[in-house]
Amino acid sequence: MRAVAVLGVILIHVGASSGANASAWFGIATSQGRMGVRVFFLISAFLLYRPFVMAHLTEARHPGIPSYAWRRMLRILPAYWVALTVLAIWPGLQGVFTGDWWIYYGILQAFWGSTVFSGLVVAWSLTIEVTFYAILPLLALFLGWLGHGANPRTRMIRQLWALAALGVASEIFRIYVFAIGLKTLNFSLPSMFLPFAVGMALAVSSAWLGTHERKWRWTRFVVDHSGAVWSAAIAIFVASCFAPFFGRTFVLRHTLFTWTFEQLAYVVISTLLLLPAVFGETAGGWPRRLLGTRALAFCGVISYGIFLWHQPLLAAMNQAGWGKWIPGSPFMALLILILPVSIAVGWASYRVVEAPAMRLRDQPPKRVT
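Calculation rules
- Position numbers for residues count from 1 along each chain, tracking the sequence in the order it is written.
- Predicted model: local features are reported for residues with pLDDT of at least 70 only, side-chain atom pairs are reported and counted for 80 or more only, and whole-chain, interface and lining totals are derived from all residues.
- With hydrogens and water stripped out, all remaining heavy atoms of the structure feed into the side-chain values.
- Put simply, DSSP H or I for four residues or longer makes a helix, DSSP E for two residues or longer makes a strand, and each gets a number counted from the N terminus.
- Based on C-alpha atoms, the radius of gyration is set beside the globule rule, defined as 2.2 Å times the residue count to the power 0.38.
- Note on exposure labels: buried denotes an accessible area under 20% of the residue type's maximum, exposed denotes more than 50%, and partly exposed covers the range between, all computed with a 1.4 Å probe on protein chains only.
- Note on definitions: a residue-residue contact is assigned when non-hydrogen atoms from the two residues lie within 4.5 Å.
- Under the convention used here, a 1.4 Å probe and the Shrake-Rupley method define accessible areas, while residue burial counts only the protein chains that appear.
- Positive charges come from Lys and Arg, negative ones from Asp and Glu, while His and the chain ends are left out of the count.
- Where a charge lies is defined by one atom per residue type, namely NZ (Lys), CZ (Arg), CG (Asp) and CD (Glu).
- Helix axes are fitted to C-alpha atoms over the stretch in contact, other axes to C-alpha atoms as well, and angles between N-to-C directions run from 0 to 180 degrees.
- Any angle between 65 and 115 degrees counts as roughly perpendicular, while under 35 counts as roughly parallel, over 145 as roughly antiparallel, and the rest as oblique.
- Note on convention: the crossing is left-handed when the near helix lies turned anticlockwise from the far helix by less than a right angle, right-handed when the turn is clockwise.
- Amino acid classes used here: Ala, Val, Leu, Ile, Met, Phe, Trp, Tyr, Cys and Pro are nonpolar; Asp, Glu, Lys and Arg are charged; the rest, including Gly, are polar.
- Stacked, tilted and edge-to-face pairs are distinguished by plane angle, under 30 degrees for stacked and over 60 for edge-to-face with tilted covering the rest, among Phe, Tyr and Trp rings (Trp via its six-membered ring) whose centres lie within 6.5 Å.
- A ring is considered to have a charge above it if a Lys NZ or an Arg CZ atom is located within 6 Å of its centre and within 35 degrees of its normal.
- Salt bridges are identified by distance alone: a Lys or Arg side-chain nitrogen within 4 Å of an Asp or Glu carboxyl oxygen.
- The quantity known as pLDDT measures the predictor's confidence residue by residue, on a range of 0 to 100.
- One less than the residue count of a helix, multiplied by 1.5 Å, gives the span that helix is expected to have.
- Think of it as the arc spanned by the lines of direction from the helix axis to the C-beta atoms.

Participant: Explain the overall build of the protein here, please?
Facilitator: When helices and strands are tallied, the protein shows 17 helices and zero strands. Relative to the globule expectation of 21 Å for 369 residues, the C-alpha radius of gyration of the protein, 21 Å, shows essentially globular dimensions. Each principal axis of the C-alpha atoms in the protein carries an extent, and together these give about 65 × 55 × 45 Å. The buried share of the protein, reckoned over its 369 residues, is 50%. Sequence-distant contacts in the protein: of pairs separated by 6 or more residues, those separated by 24 or more amount to 71%. Split by element, the accessible area of the protein, about 17700 Å² in all, is 68% carbon and sulfur. Taken together, the 28 basic and 10 acidic charged side chains of the protein have centroids lying 2 Å from each other.

Participant: For this particular structure, what's the right way to read the packing of helix α4 (residues 35–58) against helix α8 (residues 152–179)?
Facilitator: When two helices pack together, their arrangement is given by the angle between the helix axes and the distance between those axes. At a minimum axis distance of 12 Å, the contact between α4 and α8 shows a crossing angle of 150 degrees. Considering the angle they form, α4 stands roughly antiparallel to α8. Crossing of α4 over α8 shows right-handed handedness. Together, R38, Y49, V53, H56 and L57 of α4 and P152, R155, M156, Q159 and R174 of α8 make up the contact between the two elements. Of the residues contributing to the contact of α4 with α8, the split by class is five nonpolar, two polar and three charged.

Participant: Explanation requested: the packing of aromatic side chains in the structure shown.
Facilitator: Working definition: an aromatic ring pair is given by the centre-to-centre distance plus the angle between the planes. With the rule as written, the count across this model stands at 17 aromatic pairs. With 6.4 Å between their ring centres and 25 degrees between their planes, F193 and F196 make a pair best called stacked. Taken together, the residues F193 and F196, both in helix α9 (residues 193–210) and three residues apart, mark about one turn of the helix. For F193, a relative accessible area of 7% corresponds to the buried category. Aromatic ring contacts, followed pair by pair, group F41, F132, F193 and F196 into a single cluster. When the ring centre of Y133 is taken as origin, the NZ or CZ atom of R72, which lies over that ring, is 5.1 Å away.

Participant: In this structure, what is going on with unusual backbone geometry? I would like to understand it.
Facilitator: Backbone phi values are negative for most residues with the exception of glycine, while trans is the configuration of most peptide bonds. W90 connects to P91 through a cis peptide bond whose omega is 5 degrees. One non-glycine residue, I107, lies in positive phi territory at about 55 degrees. Mapped onto the fold, I107 is located in the loop between α6 (101–105) and α7 (123–146). Owing to a relative accessible area of 2%, I107 belongs among the buried residues under this scheme.

Participant: Which parts of the structure should I look at to understand the pattern of salt bridges?
Facilitator: Here the idea is simple: oppositely charged side chains can pair when their charged atoms come close. For the structure on display, the rule yields one salt bridge. Note that R75 and E354 form a salt bridge whose closest N and O atoms lie 3.1 Å from each other. With a gap of 279 residues between them, R75 in helix α5 (residues 65–92) and E354 in helix α17 (residues 330–358) connect regions that are remote in the sequence. By relative accessible area, E354 is classed as buried at 2%.

Participant: Would you explain the confidence of the model for the protein in this entry?
Facilitator: Caution applies to low-pLDDT parts of the model: their predicted coordinates are not meant to be read in detail. Residues at a pLDDT of 70 or more form 93% of the protein, whose mean pLDDT is 91. Least confident of the elements in the protein is helix α12 (residues 247–252), whose mean pLDDT is 44; most confident is helix α16 (residues 303–319), at 98. Across residues 245–253, confidence stays below pLDDT 50; counting only partners more than four residues off in sequence or on other chains, it has 29 contacts.

Participant: Just checking my understanding: could you explain helix α11 (residues 226–242) for this structure?
Facilitator: It helps to recall that an α-helix has 3.6 residues per turn; residues three or four apart then point in one direction. The terminal C-alpha atoms of α11, which comprises 17 residues, lie 25 Å apart, in line with the 24 Å expected from a rise of 1.5 Å per residue. Looking at α11, one finds that the buried residues are S226, G227, V229, W230, A233, S240 and C241. One side of α11 holds all its buried residues, which, seen down the axis, span an arc of 165 degrees.

Structural data, given as structure tokens:
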């Protein structure tokens, strides 16, 4: 699923660099590659909250906060710092080697409108991810408190209702800040919390079903009919591409309605894509067979490196005129070039930086007494 997400991000950036998003007949589809970021948010919320909710439902020991923070730091910072430094040297990134260096190395750029798209352009979403990492233990504490003294089923239900309320509140906040023109807050966790809320709700559902020998009707459908679930996601995606109030209108002009429709459509599609991997992961169906291929698994493992490196390299290729080697098709020219380069650099990042850093995950620093 991480491979699917990073492919979407690459498609929108290639479409933007080649001009396909705004002018090509298929630009309606490539411009919606921003959905990949929602998939990343869903995956993070599901994987990181599940140990907490398992502790809530089974009275098991909660994840240690120092260990959790140490693992998150090792997962994000070393590869990001290396990519930021190297890419700032060549091909060059705006703002990194200035007095604002601490903003970029601290992954804080999305907090200011003047820096949100400086440094590594894709890092605005990392700011949101890191903010989620920071507040997740507090969210887990709050959600656990809601079910204090209740039976496991009541705890589960209360958590789902609370996450639904937080998701709705996030959408209200997102619509409000867009309506009054506070663009910086559009790229903040409060505006983007809906996919995290859905991912956490999936974690609650998965943990509950994992501790009880039963399945809900809709999860049985997901297990037995994964192809239908993905077909529904594809149908909604196609419909959103050709909806008269969305599609090309979104590429050229953001309105309040399209801004709202975009988030809801993307979260629904991303959730449908993720469901067969969450429930019945060992069952059959062509979506699971596709997700189980070695190529996607490999790209998923190195997806963070691909995510970090591809956009500046793509911009350098485009500036050098490499998008013209296929006459009349700059999109295909750049896509054919950036895919293997991104995979190669992502693999190098994983082997040289990420894997060695992650080997330190089980060796947290000594706790302060």
